[in-house]
Amino acid sequence: MVDIATRVWNHKWKIDPIVRSLIDTDFYKLLMCQSVFRNKRDVQVKFSLINRTKTIRLADLVDEAELREQLDHVRSLSLTRGESTWMRGNTFYGKRQMFTPDFMDWFENLRLPPYQLEKRDGQYELTFEGSWPEVMLWEIPALAILMELRSRAVLRDMGRFELQVLYARAMTKVWEKVERLRGVDGLRIADFGTRRRHSFLWQDWCVQALQEGLGDAFTGTSNCLIAKNRDMEAIGTNAHELPMVYAALADGDDALRQSPYDVLADWQAEHDGNLRIILPDTFGTPGFLDRAPDWLAGWTGIRIDSGDPAQGAEEAIAWWTSRGEDPRGKLIIFSDGLNVEKILELHAQFQGRVRVSFGWGTMLTNDFIGLVPDDALAPFSLVCKAVEADGRATVKLSDNPNKAMGPAEEIARYKRVFGVGTQERVEVVV
C-alpha cells in the first residue's frame, strides 16, 4: 500500500503528477466524447473554470507557475498502448468494443488543446476553446489539478509526523463510514469522486478501502485509470454538458424546448441497458418529465443530481407510474453531495419501491473536514463548464437555483421556455 504521507512530504510531483493519464478522468466523459465525436464534432465550444465558493481565493493559494506546469504536463499526455488496449478490448456495461474504431483512432492521436490563464480578484480565470470533442476532455483534469494544488498548498508546511497523523485520521474517518455502510441490505455504491478529490493517491486509497470494506456493495469507480489499474468496473453515463450545448445550438423556442430530448435520442442510438439513464434536471425536472416522449419512460433509470433528492425520487416514481411502467424495475441513482447519513436515509426510504444506487463523490474522496486548523482542507464547490457553443451562451437551470449558470437574460428566457416556476434554494457545499 502506498505511504501517502511520505509521498506528500517528499514534494516530488515529477513522481506524482496530479493528472498522469488521459484516462485519469470520469468514464462518462469518454462516453460523451464519443457521442459528440459522432454527432457534433465540428461545434466550437468554450469551457471555463467557475469557483462557486468565493471565500476560497485560489489565486492567492495556488502558485501560478505550479499551475501552468501541471496544465502543460497534461498537454503532453497521450494514450499509452495499454490504455488503448483496455478501451478497445474491455467489456463496459456488458458490451464489448464500446468505443468504436474511428473514435479510438482519433483519441489515440489526441493532445489536449491550449488553455488561457489569468488572475482576477483572487481567482484564476482558466478557459479552454476549440472543437467540442477536444475541449471537453479538459474539464476533469482542470478540476483535479486545482483541487490538488490547493491541498498541496495547505500541506506544504506540515512536518513528516504531522502528515502521518493527518492521513491516519483521514483514513480512520473513511473506514468509520465504511463500517456504517457495511452490511446494509441491498446497498449499491460507486465512487464518483474524481473531479473534486483531495489527490489521485487518496482517491485510489478510498476506492481500495470501499472495495475491501463493502465487497459486492461497491460497484466500481468513475475513474477510468483506477478502474483499469484495479481491474474493476468503470461507472458513468452522461452529464449536463450535452443538453447545455445542444440547447445553445437550438434556433428558436420550439427547438430549444425539444433539445434535451434530441440529446437522448442521439444517446439511445448508441447505448442500451444501464447506460440509458436520464439526467432530467438541466432545465428543471418537473417540466422535463411532463413533456418527455413515451419512449423515454422505457429507459432503465434516472440520475438525481440537484434539489431535494427524496422529492426528485418521488417525482420519478410518479412519472414512471403515470406512463405505465413499474417503478420497482427502474433504477434511481443519487449523486448530489452525498454523505453517509443521506445515503442511509435515502436507501431506507426507497428500498423496495425502486432500485437504488449511489454515486458517492466529494464527501468520499475529499472529506478532510475538521482535520487541520481553520478547516483549510474543507472541500469547496469548483466546476468547469461549457459556457459557449458556436458563440452562443450556454445555460443551466438545475433544480437548485443556486446551481444556475448563464447570462441573466438567457436564464430568464430558458425559465420561460421550460416553464420553470419557483424553486427552493439549497446551499451548494460541493
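See the structure printed just above.
Residues numbered from 1 in each chain as written. Predicted model: local features only at pLDDT ≥ 70, side-chain atom pairs only at ≥ 80, totals over all residues. Heavy atoms only, no water.

Engineer: Before we go on, may I ask you to explain the overall build of the protein in this structure?
Structural biologist: A count of helices and strands for the protein gives 19 helices and 13 strands. A compact globule built from 430 residues would reach a C-alpha radius of gyration of about 22 Å, and the protein, at 21 Å, matches this within 12%. Considering only C-alpha atoms, the protein reaches an extent of 60 × 50 × 45 Å along its principal axes. Looking at the protein as a whole, 57% of its 430 residues are labelled buried. Within the protein, contacts between residues separated by at least 24 positions form 78% of all contacts whose residues are at least 6 apart in sequence. (Helix = DSSP H or I, 4+ residues; strand = E, 2+ residues; numbered from the N terminus. Rg over C-alpha atoms; globule rule 2.2 N^0.38 Å. Buried < 20%, exposed > 50% of the residue type's maximum accessible area, 1.4 Å probe, protein only. Contact = heavy atoms within 4.5 Å.)

Engineer: Explain the packing of helix 13 (residues 253-268) against helix 19 (residues 408-417) here, please?
Structural biologist: To describe two helices that pack against each other, one gives the angle between their axes and the distance between the axes. Closest axis-to-axis distance for the helix 13/helix 19 pair is 10 Å, and the angle between their directions is 75°. The orientation of helix 13 with respect to helix 19, classified from their angle, is roughly perpendicular. Across from Asp-253, Leu-256 and Arg-257 in helix 13, the residues of helix 19 making contact are Arg-413, Tyr-414, Arg-416 and Val-417. Looking at the contact of helix 13 with helix 19 residue by residue, the class counts come to 3 nonpolar, no polar and 4 charged. (Axes fitted to C-alpha atoms, helices over the stretch in contact; angles between N-to-C directions. Parallel < 35°, antiparallel > 145°, perpendicular 65-115°, else oblique. Nonpolar A, V, L, I, M, F, W, Y, C, P; charged D, E, K, R; others polar.)

Engineer: Where do I start with the sheet that holds strand 12 (residues 382-389) in this structure?
Structural biologist: Sheet strands pair via backbone hydrogen bonds, and the direction of the pair is either parallel or antiparallel. With antiparallel pairing, the 5 strands of this open sheet are ordered in space as 4-5-1-12-13. The open sheet has two edge strands with one neighbour each: strand 4 (115-120) and strand 13 (392-393). As defined by bridge partners, strand 4 adjoins strand 5 (residues 123-131) across 6 bridges and the pair is classed as antiparallel. Across the sheet, residue Glu-118 finds its bridge partner in strand 5, namely Glu-125. Along the sheet, helix 8 (residues 139-155) contacts strand 1 (44-51), strand 5 and strand 12; its crossing angle with strand 12, the most-contacted strand, is approximately 145°. (Pairing = 2+ DSSP bridges.)

Engineer: Would you mind going over the side chain of Ser-335 with me for this structure?
Structural biologist: Its place among the elements puts Ser-335 in the loop between strand 10 (331-334) and helix 17 (340-350). Judged by relative accessible area, which is 13%, Ser-335 ranks as buried. Within polar-contact distance, the side chain of Ser-335 engages the side chain of Arg-303 at 3.0 Å. Those residues in contact with Ser-335 that lie beyond four places of it in its chain are Phe-192, Arg-303, Ile-304, Asp-305 and Gly-359. (Polar contact = N/O pair within 3.5 Å; in protein donor to acceptor, adjacent residues only side chain to side chain.)

Engineer: Explain the pattern of salt bridges here, please?
Structural biologist: Close approach of charged atoms allows side chains with opposite charge to pair. Taken as a whole and judged by the stated rule, the model has 28 salt bridges. With its nearest N and O atoms 2.7 Å apart, the salt bridge here joins Lys-29 to Glu-139. Of this pair, Lys-29 sits in helix 2 (residues 27-39) while Glu-139 sits in helix 8, and the two are 110 residues apart along the sequence. Classification of Lys-29 by relative accessible area gives buried; the value is 0%. Exposure remark for Glu-139: the relative accessible area of 5% places this residue in the buried category. Put simply, Arg-416 and Asp-253 hold a salt bridge, and the shortest N to O gap is 2.9 Å. (Salt bridge = Lys/Arg side-chain N within 4 Å of Asp/Glu carboxyl O.)

Engineer: Help me understand the sheet that holds strand 7 (residues 218-221) in this model?
Structural biologist: Strand order across the open sheet formed by 6 strands is 7-6-11-10-9-8, with parallel pairing between neighbours. Single-partner strands in this sheet number two, and they are strand 7 and strand 8 (277-278). Bridge count for strand 6 (residues 189-191) against strand 11 (residues 355-360) is 3 bridges, and the pairing is parallel. If you follow Asp-191 over to strand 11, its bridge partner there is Trp-360. Against the sheet, helix 10 (residues 200-214) touches strand 6, strand 7 and strand 11, its axis set at about 160° to strand 7.

Engineer: Is there a simple way to think about the state of the cysteines in this case?
Structural biologist: Such a bond, covalent and formed between the sulfur atoms of two cysteines, is termed a disulfide. Summed over all chains, the structure comprises 0 disulfides. Cys-224 supplies the cysteine sulfur nearest to Cys-206, a cysteine that is in no disulfide, at a spacing of 18 Å. By relative accessible area, Cys-206 is classed as buried at 0%. Of the cysteine sulfurs around Cys-384, a residue in no disulfide, the closest is that of Cys-33, at 14 Å. (Disulfide = S-S within 2.5 Å.)

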